[in-house]
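# An overview of the molecular structure
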Amino acid sequence: MMIHWQIDNVKCDGCANRIRHALSALPGVNDVTVNVAQHEVCFAANENQLAQIEAELLRLGYPRSGQVNGFAAIKADVVSVVSCAIGRMQS
């Protein structure tokens, strides 16, 4: 099934690259695309994988829109800066 989620903290192609690499490494997750301008990630996965994918995005600093608030949102934004830098180095 193809999933489309709005996510927070996507700022550039480095962010998109990090998300693509990380989600594509999860077993059973395919066809990962990230639209930076629309803050959207799309991927093919089974329904039973969605919680794992959501947790991975949060770990990377790119939570689903509305998933975190307050200090957790600030923390996710800071973590996303590191993830972005890693994404810029990945090829």
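Residues numbered from 1 in each chain as written. Predicted model: local features only at pLDDT ≥ 70, side-chain atom pairs only at ≥ 80, totals over all residues. Heavy atoms only, no water.

What follows is about the packing of aromatic side chains. Considering all chains together, one arrives at one aromatic pair under this definition. Geometrically, the ring pair formed by Trp 5 and Phe 43 is edge-to-face, given 5.2 Å between the ring centres and 80° between the ring planes. With a gap of 38 residues between them, Trp 5 in strand E1 (residues 2–6) and Phe 43 in strand E3 (residues 40–44) connect regions that are remote in the sequence. (Phe/Tyr/Trp six-rings, centres within 6.5 Å; stacked < 30°, edge-to-face > 60°. Helix = DSSP H or I, 4+ residues; strand = E, 2+ residues; numbered from the N terminus.)

Turning our attention to the sheet that holds strand E2 (residues 30–35). Working definition: the strands of a sheet are paired by backbone hydrogen bonds and lie parallel or antiparallel to each other. With antiparallel pairing, the three strands of this open sheet are ordered in space as E1-E3-E2. Strands at the two margins of the open sheet, each flanked by one partner only, are E1 and E2. Along the sheet, successive strands turn relative to each other by an average axial angle of 15°, direction set aside. Sheet strands in contact with helix H2 (residues 50–60) are E1 and E3, and its direction is about 35° off that of E1. (Pairing = 2+ DSSP bridges. Axes fitted to C-alpha atoms, helices over the stretch in contact; angles between N-to-C directions. Contact = heavy atoms within 4.5 Å.)

Next up on the list: the pattern of salt bridges. Inspection of the entire model under this criterion finds three salt bridges. In this structure, the salt-bridge partner of Asp 77 is Lys 11, at a minimum N-O distance of 3.1 Å. With a gap of 66 residues between them, Asp 77 in helix H3 (residues 70–89) and Lys 11 in the loop between E1 and helix H1 (13–24) connect regions that are remote in the sequence. Glu 56 is the salt-bridge partner of Arg 59, the closest N and O atoms lying 2.7 Å from each other. In this pair, Arg 59 and Glu 56 are both assigned in helix H2, three residues apart and thus about one turn of the helix distant. Accessibility expressed as a relative area gives 15% for Glu 56, which makes it buried. (Salt bridge = Lys/Arg side-chain N within 4 Å of Asp/Glu carboxyl O. Buried < 20%, exposed > 50% of the residue type's maximum accessible area, 1.4 Å probe, protein only.)

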